[in-house]
Amino acid sequence: PALLAAAAAAAGCLLLLALLRQAAVSPAAPGPLASHLVVAPRLGARTASRMPSVQGPAMMSMGELSLRSPVHSPRSSSSRFAMRAAHTIEAADPKDDTADQQSKGTILVVGATGTLGRQVVRRALSDGYQVRCLVRARFESEEARRVLQGWGATIVGGDLGQATSIPPAMIGVDVVIDCATARPEEPLRRVDWDGKVALIETAQALGVDRYIFFSIDQCEKYPEVKLMDMKAKTEQYLAETDLNYTVFRLCGFMQALISSYAIPIVEGENVWGTDSSSEIAYINSIDAARLALTAVENENTHGQTLTLSGPQSYTTQQVIDLCEKYSGSDAKVIQTPGFFLKTIRGFLNGFKWAQDAADRLAFAEVISQNAVLRGDMKKTCDVLGVDPSSLTTLPDYLESFFNTILSKVQKIKKSEYVSQTARDLEI
């Protein structure tokens, strides 16, 4: 029995690691709120009374509701090329459109190196704003720094986890757009609660005109999911300030599906499926950024909470079917029943050292409950004055991606064939 138990535990751990890669999740560790109240000592009891009841680390980082791209095993050169090409598709230089425009004000983008943040920076520059990006000093941020600077943005050092670094970055800023959330290796509460409180209080103290915050769709319905609970509490906290704020609730990004499904299917790797009928209305991060910038000067959005989602919601199986259709490849799907995720999470919760992993599975468990993350985009588009037909559909997005990638891969293969033939002739 002991050997069987050990084997079962080992198998569960292996499956857990794979699930964590697929679930796009983030760890977190508790941290003292008081250490981040340097900016506004008056927070005191008011802040503490609404602090989410987080006793351990939290789950996924959901800018991306599938959201943070999962970490797959080391890929082939064609896969790395595909990922670079995917970014290139969306990386036109915004300065081309802004050379002759007069600045409309200064926007501070927090979380500027992420999936959404990059697009917000590009759009803001294209719309004629001066853009300042709060970026942490970290090795993996260096390439992003260079890209953002190349576009024309100003980089300022700072960290939501260090409240004293926030005021210098916000001096002279007219608008704050907060796209940030904790990365997998970061304490969630330190960034997504303590840091958000410090950011909001600094904006209020410095008289910032506009504050835009990105949250998660239906976050108030799942207090057991630590990140969603913090987003809901941050919404409440923001609503009690004097700021002209707007909250955008996100469902999921199309971009996250590329590394989760599109590339693995093309390369013949396994992808994780589920027996759940949960649906997510994925939105293109470019559309999300465009809509957010539309709200900056729209007074009708002051004090509003609006959902950002795609035109239609899809189940996991429907996403896989679309990838198969446009890639011409068959998917190798490993089905994961929802009850299994719940069982694994319950088992891990029994061990203090495994609570990080247990919390990371929390969102996967939400998805297994047949949740539907889809917003009322008619209301959002009406408030923003945007044509709903201008939003990217998921089939169009995936078809464009596969057409672009596959054509380039074919050219590479043809070039490699010609080079190999030439070498053979020389021999």
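Residue numbers run consecutively from 1 along every chain, following the written order of its sequence. Predicted model: local features are reported for residues with pLDDT of at least 70 only, side-chain atom pairs are reported and counted for 80 or more only, and whole-chain, interface and lining totals are derived from all residues. Only heavy atoms go into the side-chain values, all of them from the structure, while hydrogens and water stay out.

1. Some details on the overall build of the protein chain
(1) Moving on: Secondary structure elements are taken from DSSP: a helix is a run of H or I of four residues or more, a strand is a run of E of two residues or more, and numbering for both begins at the N terminus. What the protein chain contains, in helices and strands, is 16 helices and 11 strands.
(2) Moving on: When the 427 residues of the protein chain are sorted by exposure, 56% land in the buried category.
(3) Moving on: When the accessible surface of the protein chain is summed, it comes to about 18800 Å², and 53% of that surface belongs to carbon and sulfur atoms. Note on classification: 1.4 Å probe, protein chains only; a residue is buried when its accessible area is under 20% of the maximum for its type, exposed when over 50%, partly exposed between these limits. Accessible surface is estimated by sampling points in the Shrake-Rupley manner with a 1.4 Å probe; for residues, cover comes only from the protein chains shown.

2. Side note on the environment of Glu279
(1) Moving on: Its location among the elements puts Glu279 in strand β8 (residues 279-280).
(2) Moving on: Put simply, Glu279 and Val319 are 40 residues apart on the chain and 10.0 Å apart in space, counted from C-alpha to C-alpha.
(3) Moving on: As used in this structure description, the phrase polar contact means that two N or O atoms lie within 3.5 Å; if the pair is within protein, one of them must be able to donate a hydrogen and the other to accept it, and residues adjacent in sequence are counted only when both atoms belong to side chains. Side chain to side chain, Glu279 and Ser313 meet in a polar contact 2.6 Å long.
(4) Moving on: Only 3.3 Å separates the side chain of Glu279 from the side chain of Arg374, close enough to count as a polar contact.

3. Description of helix α9 (residues 256-266)
Since the α-helix advances by 3.6 residues per turn, residues separated by three or four positions end up pointing in the same direction.
(1) Moving on: The element α9 is extensively covered by neighbouring structure, given that 10 of its 11 residues are classed as buried.
(2) Moving on: A positive backbone phi angle near 75 degrees is found at Gly268, which sits one or two residues after α9.

4. Some thoughts on the nonpolar core
(1) Moving on: We call a set of buried Ala, Val, Leu, Ile, Met, Phe, Trp, Tyr and Cys residues a nonpolar core when their side-chain atoms join them within 4.5 Å. One finds Val121, Cys133, Leu148, Ile177, Phe214, Phe248 and Leu308 to be the most contacted residues of the largest nonpolar core, which totals 39 residues.
(2) Moving on: When residues in this core are grouped by element, the largest group, seven residues, is from helix α10 (residues 285-296).
(3) Moving on: Core analysis: the next-biggest nonpolar cluster, separate from the first, contains 38 residues, Val110, Val173, Tyr211 and Met228 among them.

5. Some remarks on the sheet that holds strand β9 (residues 304-308)
(1) Moving on: Paired strands are those between which DSSP finds at least two bridges. Spatially, β3-β2-β1-β4-β5-β6-β9 is the arrangement adopted by the seven strands of the open sheet, whose pairing is parallel. Both outer strands of the open sheet, β3 (154-157) and β9, are each paired with one neighbouring strand and no more. Taking the axes of each pair of neighbouring strands and ignoring which way they run, one obtains an average angle of 20 degrees across the sheet.
(2) Moving on: As paired elements, strand β1 (residues 106-110) and strand β4 (residues 175-178) share four bridges and run parallel to each other. What sits directly across from Ile107, in β4, is Val175.
(3) Moving on: Taken strand by strand, helix α15 (residues 377-384) contacts β6 (244-250) and β9, and its axis lies near 120 degrees from that of β9. What counts as an axis is a line fitted to C-alpha atoms, over the stretch in contact for a helix, and the angles between N-to-C directions run from 0 to 180 degrees. Between two residues, a contact is recorded if the distance between any of their heavy atoms is within 4.5 Å.

6. Structural notes on the packing of helix α4 (residues 115-126) against α10
(1) Moving on: Following both chains from N to C, one finds α4 and α10 inclined at 50 degrees, their axes separated by 8 Å at the closest point. Judged by the inter-axis angle, α4 sits oblique to α10. As α4 packs across α10, the resulting crossing turns out to be right-handed. Residues Thr115, Leu116, Gln119, Val120, Arg123 and Ala124 of α4 lie in contact with α10, whose contacting residues are Ser285, Ile286, Ala288, Ala289, Arg290 and Leu293. The cut-offs work like this: below 35 degrees is roughly parallel, past 145 is roughly antiparallel, 65 to 115 is roughly perpendicular, and the gaps in between are oblique. A crossing counts as left-handed when the near helix is turned anticlockwise from the far one by less than a right angle, and as right-handed when that turn is clockwise.

7. Comments concerning the confidence of the model for the protein chain
(1) Moving on: By definition, pLDDT measures how confident the predictor is in each residue, and it falls between 0 and 100. In this model, the protein chain carries a mean pLDDT of 75, and residues with pLDDT of at least 70 account for 63%.
(2) Moving on: Low pLDDT (under 50) marks residues 53-81, which in the prediction has 112 contacts with non-local residues, meaning those over four places away or in another chain.
(3) Moving on: Contacts of residues 347-361 to residues separated by more than four positions or lying in other chains number 32 contacts, the stretch itself having pLDDT below 50.

8. Quick look at unusual backbone geometry
(1) Moving on: Even without a glycine there, the phi angle at Gln218 is positive, about 60 degrees.
(2) Moving on: Tracing the backbone through its elements, the reader meets Gln218 in the loop between β5 (210-216) and α8 (226-239).
(3) Moving on: Residue class for Gln218 comes out buried when judged on its relative accessible area of 13%.

9. A closer look at the packing of aromatic side chains
(1) Moving on: For Phe, Tyr and Trp, rings pair up if their centres lie within 6.5 Å, where Trp contributes its six-membered ring, and each pair is then called stacked (planes under 30 degrees apart), edge-to-face (over 60) or tilted (otherwise). What the rule picks out here adds up to three aromatic pairs.
(2) Moving on: On the basis of an interplanar angle of 75 degrees and a centroid distance of 6.1 Å, the ring pair of Trp193 and Tyr237 is categorised as edge-to-face. Placement of the pair is Trp193 in helix α7 (residues 188-205) and Tyr237 in helix α8, with a sequence separation of 44 residues. Tyr237 matches Trp193 in its accessibility class, with the two residues each being buried.
(3) Moving on: The rule for a charge over a ring is simple: NZ of Lys or CZ of Arg within 6 Å of the ring centre, and within 35 degrees of the ring normal. In this arrangement the basic side chain of Arg122 is found over the ring face of Trp151, its NZ or CZ atom lying 5.7 Å from the centre.

10. As for the environment of Thr154
(1) Moving on: By secondary structure assignment, the location of Thr154 is in strand β3.
(2) Moving on: Overall, Thr154 belongs to the partly exposed group, its relative accessible area being 44%.
(3) Moving on: With sequence-adjacent residues up to four places away left out, Thr154 is seen in contact with Val131, Arg132 and Cys133.

11. Points about the pattern of salt bridges
(1) Moving on: One speaks of a salt bridge when a side-chain nitrogen belonging to Lys or Arg is within 4 Å of a carboxyl oxygen belonging to Asp or Glu. Here the structure, examined in full by the defined rule, presents 10 salt bridges.
(2) Moving on: Here Lys104 makes a salt bridge to Glu297, at a shortest N to O gap of 3.9 Å. With Lys104 in the loop between α3 (77-89) and β1 and Glu297 in the loop between α10 and β9, the pair connects residues that are 193 residues apart, well separated along the chain.
(3) Moving on: Among the residues examined, Lys104 registers a relative accessible area of 43% and is labelled partly exposed.
(4) Moving on: Residue Glu220 pairs with Arg249 through a salt bridge whose shortest N-O separation is 2.9 Å. Note that Glu220 is positioned in the loop between β5 and α8 and Arg249 in strand β6, a separation of 29 residues in sequence.

12. Some thoughts on the pairing of strand β2 (residues 130-135)
(1) Moving on: With five of six residues buried, β2 is to be regarded as a mostly interior element.
(2) Moving on: Orient the strands so they point away from the viewer, and a crossover whose first-strand-to-second-strand path over the helix runs clockwise is right-handed. With α4 bridging β1 and its parallel neighbour β2, the resulting β-α-β unit is right-handed.
(3) Moving on: Inspection of the sheet shows β2 paired to β3 by four bridges, in the parallel sense. Paired with Arg132 across the strands is Thr154, a residue of β3.

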